[in-house]
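Results of the structural survey
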Amino acid sequence: MGDTLITIVAIVLAALLMFVFPLMTVSDRGDDISQLAVQNTTVEYVDSIRTTGKISLQDYTKFVQTINATGNSFDVEIELKVLDENPGKKAAQTEVEKIGENIYYTMYTSQIMEQINPDPVTYPNGRTLALKEGDMISVKVKNTNNTIAQLLRNVFYRVVGNDTYQIFASHGGIVTVNGK
């Protein structure tokens, strides 16, 4: 009886070592590849906005399609800090002509989408949101689905949570040109 139990345990351990751990390793590599692709695409998208000074519906749609091509679904958060220049004059004696304090107001994804895609019937290609030099853009992307690696990890390590995500990318910067 003791030899039979040891044999069964040995077979189960061998199966784990031969099948499950290589599957976990391969699925982790797949997530790493998706992570790299999403990070590169996010950097390209934000840098394109920074250098053109424009956010368009076509570019946004292309960005979302490219990151979704990894086989995952994503939540894209865009934060735009628009420079609201105060035309007042400072009272400093050294620089009388210097413009006053600059203030930023923030626009988020839903507000930006309302601006670039107000009415699909009237504007089938959307509109373009023109930015000005000094505006700041930030894009964060995280996956909303469970990848195979996450599912396997949850089974074997009991890692569970609603806010866990495997693939995340963010990039931001200051717009360098006026978009017209």
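Residues numbered from 1 in each chain as written. Predicted model: local features only at pLDDT ≥ 70, side-chain atom pairs only at ≥ 80, totals over all residues. Heavy atoms only, no water.

Quick word on the overall build of the protein
Rule in force here: Labels follow the DSSP assignment, with helices taken as runs of H or I lasting at least four residues and strands as runs of E lasting at least two, numbered in each case from the N terminus. Here the term buried applies to any residue with accessible area under 20% of the maximum for its type, exposed to any over 50%, and partly exposed to those in between, with areas from a 1.4 Å probe on protein chains only. By the convention used here, residues are in contact when the closest approach between their heavy atoms is within 4.5 Å. Every accessible area reported is derived by Shrake-Rupley at a probe size of 1.4 Å, with residue values counting cover from the shown protein chains alone.
Looking only at helices and strands, one finds four helices and six strands in the protein. Taken from N to C terminus, the helices and strands of the protein fall in the order α-β-α-β-β-α-β-β-α-β. Among the 180 residues that make up the protein, the fraction classed as buried is 26%. Summarising the internal contacts of the protein: among those between residues at least 6 apart in sequence, 75% fall at separations of at least 24. Looking at the protein as shown, the accessible area adds up to about 11700 Å², and 58% of this sits on carbon and sulfur atoms.

Quick notes on the side chain of threonine 109
Among the structural elements, threonine 109 can be located in helix α3 (residues 109-116). Owing to a relative accessible area of 19%, threonine 109 belongs among the buried residues under this scheme.

Examining the packing of helix α1 (residues 2-52) against helix α4 (residues 148-157)
The test is simple: All axes here are fitted lines through C-alpha atoms, helices being fitted over the stretch that makes contact, and every angle between N-to-C directions spans 0 to 180 degrees. Roughly parallel here means an angle under 35 degrees, roughly antiparallel means over 145, roughly perpendicular means 65 to 115, and every remaining angle is called oblique. Take the far helix as your reference; a near helix turned counterclockwise from it by less than a right angle gives a left-handed crossing, and one turned clockwise gives a right-handed crossing.
Between α1 and α4, whose axes approach to 8 Å, the crossing angle comes to 135 degrees. Taken together, the axis directions place α1 and α4 in an arrangement best described as oblique. Here α1 runs over α4; the crossing is left-handed. Side by side, α1 and α4 meet where Leu16, Val20, Leu23, Met24, Ser27, Asp28 and Asp31 of the first sit next to Ile148, Ala149, Leu152, Arg153, Phe156 and Tyr157 of the second.

Focus on the UniProt feature "transmembrane region" (unreviewed entry) in the protein
The cut-off we apply is this: UniProt positions are given in the numbering used here, feature names are shortened, and annotations may be inferred rather than shown by experiment.
Taking the numbering used here, the UniProt-annotated feature "transmembrane region" (unreviewed entry) corresponds to residues 6-26. Helix makes up 100% of residues 6-26 and strand makes up 0%, while its end C-alpha atoms are separated by 30 Å.

Quick word on the pattern of salt bridges
Convention followed: Whenever Lys or Arg places a side-chain nitrogen within 4 Å of a carboxyl oxygen from Asp or Glu, that contact is recorded as a salt bridge.
With the rule as written, the count across this model stands at four salt bridges. A salt bridge links aspartate 47 to arginine 50; the shortest N-O distance between them is 3.0 Å. Note that aspartate 47 and arginine 50 are positioned in helix α1 at a spacing of three residues, about one turn of the helix. Arginine 50 sits in the partly exposed class, given a relative accessible area of 23%. Here lysine 132 ties to aspartate 135 by a salt bridge, and the two come within 4.0 Å at their closest N and O atoms. The class for lysine 132 is partly exposed, based on a relative accessible area of 29%. Judged by relative accessible area, which is 1%, aspartate 135 ranks as buried.

Some thoughts on the environment of isoleucine 174
Mapping isoleucine 174 onto the fold places it in strand β6 (residues 168-174). Looking at isoleucine 174, the relative accessible area reads 44%, which means it is partly exposed. The spatial distance from the C-alpha of isoleucine 174 to the C-alpha of glycine 134 is 5.8 Å, given a sequence separation of 40 residues.

What to know about the nonpolar core
For the record, the criterion: For our purposes a nonpolar core is just a set of buried Ala, Val, Leu, Ile, Met, Phe, Trp, Tyr and Cys residues, chained together by side-chain atoms within 4.5 Å.
Ile55, Leu80 and Val139 are the most contacted members of the largest nonpolar core, which totals 25 residues. Sorting the residues of this core by element identifies α1, α2 (57-68), β2 (74-85), α3 and β5 (136-143) as the ones contributing at least two each. For this core, the leading source of residues is β2, giving five residues. If near-sequence neighbours (up to four positions away) are discounted, leucine 80 is found in contact with Ile55, Tyr105, Thr106, Met107, Ile112, Leu129, Leu131, Asp135, Met136 and Ile137.

With respect to the confidence of the model for the protein
Put simply, the test is: Looking at any residue, its pLDDT shows the predictor's confidence there, from 0 to 100.
For the protein, the mean per-residue pLDDT works out to 84, and 87% of the residues sit at or above 70. Between the elements of the protein, mean pLDDT differs from a low of 80, seen in α4, to a high of 95, seen in β5.

Some details on the environment of threonine 128
Looking at the secondary structure, you find threonine 128 in strand β4 (residues 128-130). Sequence-distant contacts of threonine 128, defined by excluding residues within four places in its chain, comprise Lys54, Ile55 and Ser56.

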